[in-house]
Structure formats: structure tokens, C-alpha cells
Number of protein chains: 4
Amino acid sequence: MSAGTLPSPGPGRPRSVEAHRAILDATLELVAEVGFDQLSVARVARRSGVSKATVYRRWPSKLPLVIEAFSELPTLEAPDNGNLVDDLIALLRQFAEILRDTPLARVLPVLAGECAHDPELSALLAPQIKARRAPLIQALERAVSRSELPPDIDLEASVDVIMGPLVTRMLFTGAEIEPDNVRRFVEAALFGINRLRSD
Amino acid sequence: MSAGTLPSPGPGRPRSVEAHRAILDATLELVAEVGFDQLSVARVARRSGVSKATVYRRWPSKLPLVIEAFSELPTLEAPDNGNLVDDLIALLRQFAEILRDTPLARVLPVLAGECAHDPELSALLAPQIKARRAPLIQALERAVSRSELPPDIDLEASVDVIMGPLVTRMLFTGAEIEPDNVRRFVEAALFGINRLRSD
Amino acid sequence: MSAGTLPSPGPGRPRSVEAHRAILDATLELVAEVGFDQLSVARVARRSGVSKATVYRRWPSKLPLVIEAFSELPTLEAPDNGNLVDDLIALLRQFAEILRDTPLARVLPVLAGECAHDPELSALLAPQIKARRAPLIQALERAVSRSELPPDIDLEASVDVIMGPLVTRMLFTGAEIEPDNVRRFVEAALFGINRLRSD
Amino acid sequence: MSAGTLPSPGPGRPRSVEAHRAILDATLELVAEVGFDQLSVARVARRSGVSKATVYRRWPSKLPLVIEAFSELPTLEAPDNGNLVDDLIALLRQFAEILRDTPLARVLPVLAGECAHDPELSALLAPQIKARRAPLIQALERAVSRSELPPDIDLEASVDVIMGPLVTRMLFTGAEIEPDNVRRFVEAALFGINRLRSD
DNA sequence: CAGTAATCGAGACGGTACGTCCCGTCTTTAT
DNA sequence: ATAAAGACGGGACGTACCGTCTCGATTACTG
């Protein structure tokens, strides 16, 4: 499926699985540390303790490498608590945990910024971004089917309203987002900022 | 005030004013087109039709150059319509217009992404970002003083709730934001996504 | 004797004889075509249709491989016609034929040029070069014993006088040397260039 | 005239004359030390203490660089002593001195060996080799006009007979050639190896 | 007649060097 | 003093090989 997949065992020395992992890990680290432009296959090789040829044997350039490394970051798992509030809280809690436990919080701004002027990256990343939003869309759709939300609601815009505040906070203020403190953002999205009291 | 200020007229040939403008314009163009990393003083000079020395005579590196160019992008002007809804609509309309009419829509993601791993840029850009949010904070404070909002509201989080959806949309979907269509996002922020009907 | 000798038949798969020949032939071809530096064991393997391991199993590096390949080129056979002129003509005719029929004409300049800055190659090649001159030395010695030449003649210098013109021609002008046309060079060496009429 | 010529003084910083010299000197040294293949622009730059760009700004590749460096080695100056023997002795003495005082003795075998499999180098070097033989041709022509040599003599072959022994000696035995000891080779060429007594 | 052991092809691996490109600095002449 | 032009040292990158290595498959002797 992915570009760097280990091939079926044919003749010759098999590809190193350790190298594979080390390369993907180093890629993610470097995207977070130095950005997409400063990233290069040579640098990935250096960081991962692998020769350049070993990287190029698997990925033709840094672009598919970054795409694959990004795709291995954990995604949201769709919950089903029977009501929208709890579903959204569960999803945003997962999201906050991922931001806390993986490099995603620093990788995402970098890639978003790069997408603004790199159509090729943009084209490859868009489906992944869409896939990562899917669990939220599904939760909203279930809410509609349960009549918690009106049927003509704009689902995409709703996702923006739910995720936007957290994403913006991550982007510009670099502030930590407490997994235990996402309820207020869910309530703000569902009922408006009147509910948004200081904590 | 700014780094590239023209000096007082002394002996010798005076500095070219056209060059000054051309440099700042080229800088903004290049940030939008190729990003911050690919930007370089040499490239700015090439694009603006000026020699490298002419740029270096005014700015010691690309960093203050970018900062100054960014600072010249238009900011939000604080309105006062006497009620929060209209203030927010006016502000978001301005924001949408700026996104439409200036390179900001592409410059902002680039710089935000760069800030994620460039503390120096981050330190210089943070005050500007804060200043750009100030009109929103003020509008909210006026709403509190008018008792439109409870006094213990989290102002910063509120700004995130208001701006976040639009910013996210700009960042990830690259979707155009219609200046005439910001009302629904204001209402969604104030009263929740139940109000967020498809248009 | 040689480095690549086939081992005594023991257990296991025996070494391929065809591979052996193909490797030596390819080596000589490549020395002639691309020179000594551009030559590599990998390249020899590629050209001879053999895996690299098969070459390395027989020769530890390209150096002994080249030496052995060179040693298999035909050498001069000492004639004895009873007089110096006919002996030299026979020898030079052989030489011209070898130049015409084998890659020697292109291999020799390459190796000579390499010897100028490669002491290791030089040390291994010098005995072979000396051996190839031996028949000429012997012919001259017989001429001395027959009183065709004075006893205090400088044998080595004489060989240079005899071979030098042909070698120089081979090296710099790349001109073909006609086996039927060596008599004039023998006469020129023996009696001086007064005898060297245009043909 | 040559590829690396310093350009006419226009705008901009002028090219460094020291760098020019250092590059050509380093080129000649390296040809003598490591050969033509191991030579590279990068290596020349390293040896001459100059950046690679500085070399590439003047010569597009190592080939014209080597050609120009070679062309600056001293050439034979045509004497005119009124008789062939003294002319040839003077020429060969010059040749021996050049071999002793310059890197030519090691450069020439390298380039000759390379020419055997590099048509491009061969094409560029042939005219220079021809030019270096010209003084000998002229001396022979004068001898013909003075009736010292028959009119139908083969001039090119004569040059080979005269130079060949020395060149061969230089190539294969690496032996030093004493400038004071060239007379015997001249006599051997003119009157045959009977005159070639040990010294 | 199996079993063992060396050979063979294929190809992954770390390493090295190259030519290209571009940068920021420096040095010139011309306004 | 400023401006344009361009040479300079330096550094990083992607490419291309090399020699070594690890595999599975093949092939002959040997127990």
C-alpha cells in the first residue's frame, strides 16, 4: 500500500526492518524540529543512522516519506456514547492526548504552512486530513439521525467550529491543551461562548 | 522605528525609496509563494530587481525583513456598534476582506508553521499576532461591560472560538471565506452550532 | 600459481570455469575501454555477467585481477635466424601482430600511464614488462656473441632504440603498425635514420 | 584565447589572479600524482585552496582545465646550429631538462594512457602533441635542405626514431635521463645502435 | 541416495566523492 | 554614500558507485 513497503521476499538480502522504522521516526522528529524545507533525505539518513542510499531505496524523495510518516501518527477512533456531547468530548480528549503524546502538535502547523505554497504536498496531504476529520463527521451524522441536530446542518462547518478553537490555540499560542479540559470547548461549540467560563 | 528606515539626509547618494518598497513587496510575495525557508535575501533582491547589497544595507538578515513586511499588512480596525453581534460581524468581515485582498491568507500559515520550530521568529512575531487579536478582545470587553457576556468569561478562549473556525478553514481546506457570509460563524460562536445551517 | 586458480575438488559446488574466463576477458576489455581507474570489480562482474561475489571469491581486488589478465596476453617468442636483422624483424613482426590482434595496443598505454603514479601496480607489473623484453635482450646478446655488435654495447638502451619508435607511435599517434613494414624500423635502429626512406 | 582567460575589466569584483595560478598548478600536480581519472574539479579546488565555484567559474569541467594546464608546460625552442647533430643534441637536451625540472615526465604517461580510451581528451591533446614535435620536424627539414638527409626521408618516422627511445625509457623504466648524456641517443638514431656504447 | 557444504545470483547496506546550486560576504566600478 | 555587478569561500543536496554483507537457490561430492 504505502511507498516504502517492504517487498515480498525475493532473492537478495532482505530490507532491514529496523532501518525502516528508524527512518520514519527520524522523519517525524525532523519535521517537528526543523520544518519541511530544512528536511532532506540526507538529513533523515543522518538522524536515523542510516545511509542515504537506504532511504532512497525505499522512497524516491522526501515528499512521500513525509506523507507516510505522517500517516502513521495515530488517528481518532469513533466512539458511540449515544449522545453528541459525550462523543465530542471523547473525540477531543483523544485529540488532546495525541497532541500531548506525539509530535503531531508541531508537525501539523509545519505541514499546514507548507501546504499553503506547495500544491504537490497539498494534494497528497488533503485526503489524509479529510480522513482524520471523518470520525467527527460521523459523530455529527449520528447526532442528526438522533435528531440532536437539525437535518440541514453544515457538517463541514460544524467540524471547523468544534476543532477550530483548539487548532488555533495549538498553532498560534502553542498552549498546552489539557485532555481533561476539553468539555468547555465542546459546550462552547454546541451552545455558544456564553458557556465559556474561565477555569 | 522599523529596521529599514531611511536615514537622515547626509552626504552621498540618498537611498532609493522605490527600492525600499520593491524589497518589502517582493518579500511578502516570496513568503507567500515559496515559504520562509526558501526565502533568502538574495532571492528578495533578485525578485525586486535590486542588488543584494542594497537589501543588506537596510536589513541585516531576512528575519527583520520578513517581520517588517508582515507588519505592513492591514490590521483590523475596532468598530463600536453598541452590540456584540454587529461588532463581531464587522471584524470578521474585515478579516475576510483582508484575506481576499492581500497575501495574508498564504503568509499567515507559512509564518505560523515556521514559528512551530523557529523560536526567534516566534518571539518577534508573537507581539504582532497579539496586537492583531486586540480589537477582538476589546469588542468582547465592551460586551462584558454591557452585560452581554458574563464577567468571568475567558476572553482569550473566546477569541479562539470566534476566529478558530475561519482560521482552520483557511489553513486546511484553503476554502475562500465570503465576507458577506461571516454572520453564520459569529452566530455559531455565540449560540452554538445548532444555528449553523447550510447555506 | 595465479591468484584465481581453481581449487582442488572438494565437497560443495565447484567453481565455474566459464565464469573464470568471462571475468578475465571482461577485465581486459574494460582496461582497454575505460582504463584502470574506472575499472572496478563491480564493473567487471557486470560486464562478464557474473555476480560480484563470484569475482571476489577468486581475486581479492582489482589489482591482481588486472595483473593476471595482462599476463595472459601473448608474449614474444625468441627466434634464432643466425643474424640480428632477421631476429629483430621477426620479433617486431610478432609485436605488430599482437598489437593488431589483441587489446594490448590499448591496454599497454593505460597500464603504463597508471604505473606513473601507482607504485603498487608498478611493482607488480615491472617483472612482467621485463620478461616481455627478455627475447629482445637475448637476440642482442646472441648478436654480440656472433660479433655482430661490439661487446660493450648497452643492451637496455638498445632495446629502447629498437622498440621506442614503435611504442611511441602506438602511444601518441595511435597509428597502426603494419607487420609487413617493420623492416625499416629495424634498419633505422641498426644503421640510422639515413636509411629511413618514405614508403 | 584559453578557456580560463581573465575577462575584460567590467563591473563587479575582478577574478583573482592568484587563484588562477594556484588552480593550474594544482591541476598539474594532481595529474602527476593521482592521474587523470582520480583528478576532479573538487580535488583541484581542495588542493589549490580555492572553492569549487571558483574553478567552475573558469572551466566547465576538468578536461579543458587539464588541457590548459598542460599547454603551459614549457615547449622546445628550435635551435639552428647549422648542422643536424648539434640541433638534435640541443633539442634532446632541452627535452631532458624539461623532464627533470617540470612534472612533464609523469604527466605525459598519464595523459597518453588516458588518450587510449578517451577520444575527447585525445582530440584536444593531439594538436598540442603535434605542436611539441614541430621543432624536431623543422630541424629535420633544415637538414634535408642542407643535403644532410636524403630528400625523400620520412620525417614523422624520423621523429619517432629520435624521440622514441627516450620516451620509452621515461614511460616504462622511469629512469632519469641525463641532459648531458643525450648525445649517444642522437648518434644511435643517426648512425644506428652500433654506436650505442655503455657509458 | 540423502546430507552437507561451497558456489552462485540478487540485492540491501554503509560509505565516499562528485557536480550542482545557492547563500552571505567581499571587492570592484560607476553614479 | 549608494548602487549594480559579480567573484569568493562555504555548505548541503541528490546521484552514482563501490566493496561488504546477507539472503535463498543450485549443484556437486560424501557418508
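Residues numbered from 1 in each chain as written. Chains lettered and ligands numbered in written order. Predicted model: local features only at pLDDT ≥ 70, side-chain atom pairs only at ≥ 80, totals over all residues. Heavy atoms only, no water.

(A) Representation of the protein's contact with DNA strand F within the structure. For DNA strand F, the set of nearby residues contains 44 residues, the closest of which are Ser40 of chain A, Ser40 of chain C together with Gly12, Ser16 and Thr54 of chain D. Sugar and phosphate atoms form 66% of the subset of DNA strand F atoms that lie within 4 Å of the protein. Here a phosphate oxygen of DNA strand F and a backbone polar atom of Ser51 of chain B are 3.2 Å apart. With respect to DNA strand F, the side chain of Arg58 of chain D contributes an N or O atom lying 2.8 Å from a phosphate oxygen. Residue classes in the surface near DNA strand F are distributed as 14 nonpolar, 13 polar and 17 charged. (Near = heavy atom within 4 Å. Polar contact = N/O pair within 3.5 Å; in protein donor to acceptor, adjacent residues only side chain to side chain. Nonpolar A, V, L, I, M, F, W, Y, C, P; charged D, E, K, R; others polar.)

(B) The interface of chain B and chain A, seen in detail. With 47 residues of chain B at the contact, the number on the chain A side is 47 residues. Buried surface at the junction of chain B and chain A, summed over both partners, amounts to about 4,000 Å²; 61% is from carbon and sulfur atoms. The largest share of the area that chain B buries against chain A comes from His117, Phe172 and Ile193 of chain B, three residues that together contribute 16% of it. Here Asp160 of chain A and Arg169 of chain B are joined by a salt bridge, their closest N and O atoms 3.0 Å apart. Linking chain B with chain A are 11 residue pairs in polar contact (both at pLDDT 80 or more), by the criterion used here. (Contact = heavy atoms within 4.5 Å. Buried area = accessible area lost by both parts, 1.4 Å probe. Salt bridge = Lys/Arg side-chain N within 4 Å of Asp/Glu carboxyl O.)

(C) Highlighting the relation of the copies chain C and chain D. Rotating chain C by 179° and moving it 0.2 Å along the rotation axis overlays it on chain D with an RMSD of 0.2 Å. Such a combination of rotation and displacement between the chain copies is what one expects of a two-fold axis. In this assembly the copies share their binding face: 100% of the residues contributing to the interface of chain C also contribute to that of chain D. (Least-squares fit on C-alpha atoms with pLDDT ≥ 70 in both.)

(D) Broad picture of the arrangement of the chains. At the C-alpha level, the nearest point of chain A lies 12 Å from chain C, with no contact between them. A gap remains between chain B and chain D, with no contact made and the closest C-alpha atoms lying 12 Å from each other.

(E) Up close: the packing of helix H1 (residues 17-38) of chain D against helix H6 (residues 104-115) of chain D. Residues and elements named next belong to chain D. Interaxial distance between H1 and H6 falls to 9 Å at its minimum, and their mutual angle equals 30°. Between H1 and H6, the crossing angle belongs to the class labelled roughly parallel. Here H1 and H6 pass one another in a crossing that is left-handed. Note on element contacts: H6 touches H1 through Arg106, Val107, Val110, Leu111 and Glu114, opposite Leu28, Val31, Ala32, Glu33, Gly35, Phe36 and Asp37. Classifying every residue of the contact of H1 with H6 gives seven nonpolar, one polar and four charged. (Axes fitted to C-alpha atoms, helices over the stretch in contact; angles between N-to-C directions. Helix = DSSP H or I, 4+ residues; strand = E, 2+ residues; numbered from the N terminus. Parallel < 35°, antiparallel > 145°, perpendicular 65-115°, else oblique. Left-handed = near helix turned anticlockwise from the far one by under 90°.)

(F) Structural detail: the interface of chain C and chain D. Taken together, the contact pairs 47 residues of chain C with 47 residues of chain D. Both faces considered, chain C and chain D share a buried interface measuring about 4,000 Å² in area, 61% of it formed by carbon and sulfur atoms. Among the residues of chain C in contact with chain D, His117, Phe172 and Ile193 of chain C are the three that bury the most area, contributing 16% of the side total. In this assembly, chain C and chain D are joined by four salt bridges. In this assembly, chain C and chain D are joined by 11 residue pairs in polar contact (both at pLDDT 80 or more). Those elements that provide at least two residues to the side of chain C that touches chain D are helix H1 (17-34), helix H6 (104-115), helix H7 (119-145), helix H8 (155-173) and helix H9 (183-191) of chain C.

(G) Representation of the packing of helix H5 (residues 84-101) of chain D against helix H8 (residues 155-173) of chain D. Residue and element names in this part refer to chain D. Axis separation between H5 and H8 bottoms out at 11 Å; the angle between their running directions is 20°. Here H8 runs roughly parallel to H5, going by the angle between their axes. As H5 packs across H8, the resulting crossing turns out to be right-handed. Here Leu88, Leu92, Phe95 and Leu99 of H5 lie close against H8, whose contacting residues are Ile162, Met163, Leu166, Val167 and Met170. Taken together, the residues that form the contact of H5 with H8 break down as nine nonpolar, no polar and no charged.

(H) Representation of the nonpolar core in the model. Ranked by internal contacts, the top residues of the largest apolar core, which has 137 residues, are Phe70 and Leu111 of chain C together with Phe70 and Leu111 of chain D. The element that contributes the greatest number of residues to this core is H1 of chain D, accounting for 10 residues. Those residues in contact with Leu111 of chain D that sit more than four places away from it in its chain are Val31, Phe36, Val66, Phe70, Leu121 and Leu125 of chain D. Among the nonpolar cores identified, the runner-up in size contains 136 residues, and Ala45, Ile89, Val161 and Val186 of chain B belong to it. (Core = buried A, V, L, I, M, F, W, Y, C linked by side-chain atoms within 4.5 Å. Buried < 20%, exposed > 50% of the residue type's maximum accessible area, 1.4 Å probe, protein only.)

(I) Layout of the relation of the copies chain B and chain A. The two copies are related by a screw operation: chain B maps onto chain A through 179° of rotation and 0.2 Å of translation along the axis, at an RMSD of 0.3 Å. In this assembly, 100% of the residues forming the interface of chain B have copies in chain A that are likewise at the interface, indicating an isologous arrangement.

(J) Looking closely at the pattern of salt bridges. All names here are of chain B. Scanning all chains against the criterion turns up 64 salt bridges over all chains. Asp80 is paired through a salt bridge with Arg146; the nearest N and O atoms lie 3.9 Å apart. With Asp80 in the loop between helix H4 (62-71) and helix H5 (84-101) and Arg146 in the loop between helix H7 (119-145) and helix H8 (155-173), the pair connects residues that are 66 residues apart, well separated along the chain. For Arg146, a relative accessible area of 28% corresponds to the partly exposed category.

(K) Looking closely at the packing of aromatic side chains. Here the structure, examined in full by the defined rule, presents zero aromatic pairs over all chains. We note Arg132 of chain A situated over the ring of Phe70 of chain A; from NZ or CZ to the ring centre the distance is 4.7 Å. (Phe/Tyr/Trp six-rings, centres within 6.5 Å; stacked < 30°, edge-to-face > 60°. Lys NZ or Arg CZ within 6 Å of the ring centre and 35° of its normal.)

(L) Representation of the environment of Ile23 of chain D in the model. Residue and element names in this part refer to chain D. Mapped onto the elements, Ile23 comes out in helix H1. The sequence separation of Ile23 and Leu140 amounts to 117 residues, and the corresponding C-alpha distance is 37 Å. Once residues within four sequence positions are removed from consideration, Ile23 is found in contact with Val44, Ser48, Val50, Thr54, Val55, Arg58, Trp59 and Leu65.

(M) Expanded view of the protein's contact with DNA strand E. As a matter of local geometry, DNA strand E sits amid 44 residues, with Ser16 and Thr54 of chain A, Ser40 of chain B, Ser16 of chain C together with Ser40 of chain D nearest to it. When atoms of DNA strand E within 4 Å of the protein are sorted by moiety, sugar and phosphate together comprise 65%. Within the side chain of Ser51 of chain A, an N or O atom sits 3.0 Å from a base nitrogen of DNA strand E. Measuring from a base oxygen of DNA strand E, one finds a side-chain N or O atom of Lys52 of chain D at 3.0 Å. At the level of secondary structure, the elements contributing two or more residues to the surface near DNA strand E comprise helix H3 (52-56) of chain A, helix H2 (41-48) and helix H3 (52-58) of chain B, helix H3 (52-56) of chain C together with helix H2 (41-48) and helix H3 (52-56) of chain D. Across the surface near DNA strand E, the residue classes tally to 14 nonpolar, 12 polar and 18 charged.

(N) Up close: helix H8 (residues 155-173) of chain A. All names here are of chain A. Between the first and last C-alpha of H8 there are 27 Å, a value that for 19 residues agrees with the 27 Å anticipated at 1.5 Å per step. When the local axis directions of H8 are compared, the greatest deviation, roughly 45°, occurs at Met163, which is followed within four positions by the proline Pro165. The buried fraction of H8 amounts to 15 of the 19 residues, a majority that puts the element mostly inside the structure. For H8, the N-terminal capping position is held by Asp154, with its side-chain oxygen 3.3 Å away from the main-chain nitrogen of Glu156. (Expected span 1.5 Å × (residues − 1). Bend = angle between axes of the 7 residues up to and from the residue.)

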